[in-house]
Amino acid sequence: MLARAYLKCAVIRSDSESSEYDLEEAREILLEALQILPADNTKTAQLLQKLIDTDMKLANQSADNAGTASVYRQEAIEKLRLVEENGWATFNTYNNLIVLYQKEGNLEEAEAVLEEIAEEYAADYRWYKRYAFLEIAKQQELETQEQDYSVFAEYYGEAMALYEEYLNAGNEADGEMDTLQAQYENAERAGWFSESEGADDEVG
């Protein structure tokens, strides 16, 4: 009953139209609930997920303040790892971890998560999608003359092939795949897939 009350209160404060103030209030409610409730409470997983979602919203709303955004992202990462430790992880758990590590500039950790779930999810277009986005980030950390987008192109091709099967099965479209396709087309126009040296424009 107590967990349900905390969760209901937090949901009211953290809906999609919430202000940063409401989200911060929801975060405090959730943190308090997680301190009070036993770790094996059946509602703990829901409370953790709501806290993760709230932290990610707060990080996005704090984009102009890198330090504050990083605090929220680090807390979300910590709670996602707790979800994993308790055996509650889904693909969405790992997807969020990869995205958060990438936003924090920790590309090695992002890649480590992808490798960790490779056996379970390597037939899923979303795994290839995340790897393709990661490859873009990795290449953009290099000097222009050192960049090589061939691996990105491979992951993009695998992602698109599996995504087509996903759509043909009647599933809903994924907006990130439109973004990925646009980045591929930008790279192609810039000449990054030619055998000669790179081009002048950045991908993205």
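Residues numbered from 1 in each chain as written. Predicted model: local features only at pLDDT ≥ 70, side-chain atom pairs only at ≥ 80, totals over all residues. Heavy atoms only, no water.

### Some thoughts on the overall build of the chain
Each helix and strand in the chain was counted, giving 10 helices and 0 strands. When the elements of the chain are put in sequence order from the N terminus, they spell out α-α-α-α-α-α-α-α-α-α. Roughly 11400 Å² of accessible area belongs to the chain as shown, and the carbon and sulfur atoms make up 45% of that amount. (Helix = DSSP H or I, 4+ residues; strand = E, 2+ residues; numbered from the N terminus. Areas by Shrake-Rupley, 256 points an atom, 1.4 Å probe, with all protein chains shown as cover.)

### Thoughts on the packing of helix 9 (residues 150-168) against helix 10 (residues 175-190)
It is the contact of helix 9 with helix 10, at a shortest axis distance of 11 Å, that shows an interaxial angle of 140°. Viewed along their axes, helix 9 and helix 10 adopt a mutual orientation that is oblique. You can see that helix 9 and helix 10 cross each other, and the crossing is left-handed. For the pair helix 9 and helix 10, the contacting residues are Phe-152, Ala-153, Tyr-156, Ala-159, Met-160 and Tyr-163 in the first and Met-177, Leu-180, Gln-181, Gln-183, Tyr-184 and Ala-187 in the second. Partitioned by chemical class, the residues of the contact of helix 9 with helix 10 number 10 nonpolar, 2 polar and no charged. (Axes fitted to C-alpha atoms, helices over the stretch in contact; angles between N-to-C directions. Parallel < 35°, antiparallel > 145°, perpendicular 65-115°, else oblique. Left-handed = near helix turned anticlockwise from the far one by under 90°. Contact = heavy atoms within 4.5 Å. Nonpolar A, V, L, I, M, F, W, Y, C, P; charged D, E, K, R; others polar.)

### Points about the pattern of salt bridges
Applying the stated criterion to the full structure yields 14 salt bridges. Residue Glu-84 is joined to Arg-81 by a salt bridge in which the shortest nitrogen-to-oxygen separation is 2.7 Å. Of this pair, Glu-84 and Arg-81 are both found in helix 4 (residues 66-85), 3 residues apart, which corresponds to roughly one turn of the helix. Each member of the pair, Glu-84 together with Arg-81, is buried. Residue Asp-174 pairs with Lys-129 through a salt bridge whose shortest N-O separation is 2.8 Å. (Salt bridge = Lys/Arg side-chain N within 4 Å of Asp/Glu carboxyl O. Buried < 20%, exposed > 50% of the residue type's maximum accessible area, 1.4 Å probe, protein only.)

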